[in-house]
Amino acid sequence: MVVLTSAVLACGLKQIQILTPKPAVFPPPAAEWSECHQRNNKTMVFFTLLSSLFKQAYDVTPPGLVTCLACAYIGSGRYFAAYRHEFIGTLLMIGFTFSPGKWIGQDALMVAWIAHMCGVVASDKIGGGPHVNPAVTVSMYALGKCSYTEGLVRIMGAMAGGLVAFPLYSVFADKLGLTQLGGPEFSSKDDEDGVNAGFSEFVAVTLLMIMIYVLNWELNFGKYHYWIKQTLTAVGIRYLIETFPLAGPAINPMLGTTWYIFSKGAFPDEIGHYFTYWVCPFVAAVSASCLYAVYAGGDVFGQKLPFGPIKGDAAVSSSKKNK
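The rules behind these values
- Residues numbered from 1 in each chain as written.
- Predicted model: local features only at pLDDT ≥ 70, side-chain atom pairs only at ≥ 80, totals over all residues.
- Heavy atoms only, no water.
- Helix = DSSP H or I, 4+ residues; strand = E, 2+ residues; numbered from the N terminus.
- Contact = heavy atoms within 4.5 Å.
- Axes fitted to C-alpha atoms, helices over the stretch in contact; angles between N-to-C directions.
- Parallel < 35°, antiparallel > 145°, perpendicular 65-115°, else oblique.
- Left-handed = near helix turned anticlockwise from the far one by under 90°.
- Nonpolar A, V, L, I, M, F, W, Y, C, P; charged D, E, K, R; others polar.
- Core = buried A, V, L, I, M, F, W, Y, C linked by side-chain atoms within 4.5 Å.
- Buried < 20%, exposed > 50% of the residue type's maximum accessible area, 1.4 Å probe, protein only.
- Phe/Tyr/Trp six-rings, centres within 6.5 Å; stacked < 30°, edge-to-face > 60°.
- Lys NZ or Arg CZ within 6 Å of the ring centre and 35° of its normal.
- Disulfide = S-S within 2.5 Å.
- Expected span 1.5 Å × (residues − 1).
- Bend = angle between axes of the 7 residues up to and from the residue.
- Salt bridge = Lys/Arg side-chain N within 4 Å of Asp/Glu carboxyl O.

Residue position: A142 is located in helix α6 (residues 134-142). Residues A142 and A285, 143 residues apart in the sequence, show an inter-C-alpha distance of 8.6 Å. The contacts of A142, once residues within four sequence positions are left out, are S289, D299, V300 and F301.

Turning our attention to the packing of α6 against helix α8 (residues 195-218). Relative to each other, α6 and α8 sit at 60°, their axes nearing to 11 Å. Here α6 lies oblique to α8, going by the angle between them. Note that α6 runs across α8; the crossing there is right-handed. Contacts between α6 and α8 involve A135, V136, S139 and M140 from the former and V205, M209, I212, Y213 and W217 from the latter. Across the contact of α6 with α8, the residue classes break down as 8 nonpolar, 1 polar and no charged.

One finds I94, M156, M159 and L255 to be the most contacted residues of the largest nonpolar core, which totals 34 residues. Considering each element in turn, this core owes the most residues, 11 residues, to helix α7 (residues 148-176). Ignoring anything within four residues of it in the chain, the contact list for M156 reads C68, C71 and Y83. Within the second largest apolar cluster, 21 residues are counted, among which are C146, V205, L215 and I251.

A separate point is the packing of aromatic side chains. A full pass over the atoms with the stated rule returns 16 aromatic pairs. Between the aromatic rings of F166 and W259, the centroid separation amounts to 5.2 Å while the plane-to-plane angle is 70°, which identifies the pairing as edge-to-face. One end of the pair, F166, is in helix α7; the other, W259, is in helix α10 (residues 253-264), with 93 residues separating them in the sequence. Exposure class is identical for F166 and W259. Each is buried. The interplanar angle of 85° and the centroid separation of 5.5 Å between the aromatic rings of W278 and F282 together place this pair among those described as edge-to-face. Within this pair, W278 and its partner F282 are both found in helix α11 (residues 271-296), separated by 4 residues, close to a single helical turn. Classification of W278 by relative accessible area gives buried; the value is 18%. Three or more aromatic residues link up through ring pairs in this structure, and these residues are F98, F166, W259 and F262. Sitting over the ring of Y226, K125 keeps its end group 4.8 Å from the ring centre. The ring centre of W217 lies 4.7 Å from the NZ or CZ of K145, which sits over that ring.

The next subject is the state of the cysteines. Tallied over the full model, the rule gives 0 disulfides. Between C71, a free cysteine, and C68, which holds the nearest cysteine sulfur, the sulfur-to-sulfur gap is 6.6 Å.

Quick look at α11 now. Here α11 spans 36 Å end to end across 26 residues, near enough to the 38 Å set by a 1.5 Å rise per residue. At V279, α11 shows its largest bend, some 25°, and a proline, P281, comes one to four positions later. A positive backbone phi angle near 90° is found at G297, which sits one or two residues after α11.

Glancing now at the packing of α6 against α7. At their nearest, the axes of α6 and α7 sit 10 Å apart, and the two run at 175° to each other. The orientation of α6 relative to α7 falls into the category roughly antiparallel. Each of P134, T137 and Y141 in α6 lies in contact with α7, whose residues at this interface are Y148, G151, R154 and I155. Split into classes, the residues belonging to the contact of α6 with α7 amount to 4 nonpolar, 2 polar and 1 charged.

On to the pattern of salt bridges. Counted according to the given criterion, the structure contains 5 salt bridges. The closest approach of N and O atoms between D299 and K304, which form a salt bridge, is 3.4 Å. Since its relative accessible area comes to 30%, D299 is described here as partly exposed. Take K304: its relative accessible area is 66%, and that puts it in the exposed class. When salt bridges that share partners are traced, they join E86, E150 and R154 into one network.

Within the secondary structure, T149 sits in helix α7. Overall, T149 belongs to the partly exposed group, its relative accessible area being 28%. As for T149 and G75, which are separated by 74 residues in sequence, their C-alpha atoms are 7.6 Å apart. Ignoring anything within four residues of it in the chain, the contact list for T149 reads I74 and Y79.

Written out as structure tokens, the structure reads:
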């Protein structure tokens, strides 16, 4: 019995030794530790470099630019050409039309006017005929000239162009010792909600849209139509700038906001800014679209208006008189 018990105990102890795992070796061998340490160092160097690059990009990227750029390929890139036209056209428009009086014709008003006129024509021609104005885009959408998606892409392209243009030309002016360009601003003093400035923008944008309709769709100057109508557009824009100065003027929501972001380094935080530069111009664009639809016919946001077109009625009346 004693022998049997000893044999069983010996067998059990042997099984326990077999089943018991060997303790891990801590610390790991020196070679393995060195390799792991080097791998961690390389990873940290990569992320340190990535963090540095991100910080540099963040410091020079205007607020909102990334969002505007991300909209370029909405619709699987279908409207990328329109986005490109708006972006380039806005860059050119700001450079060509804000420099007169600052870089060109500082002491000669007539020279500044002529330079501004040439800038309007050149930016449109080189840029491929962009809207470069969200209010114009809203009117084109209201009249069925572009889809909602194309309109959004165009507005984002113009905004991106404005956000890039002002800091770009600022660096350009610094390098060449030129006067810094200015931008449209309105003082919230005595007009905190932007009522007076907003009314000024409303009237100016309404007149701008009527001018665009007439010169582009109602008149035909024959062989030199583009050059004549674009020159008249430039003269009209200059007249509106001089006549409605309360909001800068901008007569363009993109200019009012992109200049603010450039000059302040942040999004506007005053309700008067948005009322003046966005609400009033958009209301003006829709109002002008309705007026044009009443005159020439057509839909507004896909709906027939209950009256008009005056142009059609006048044509019918004239033909009856001729008979």
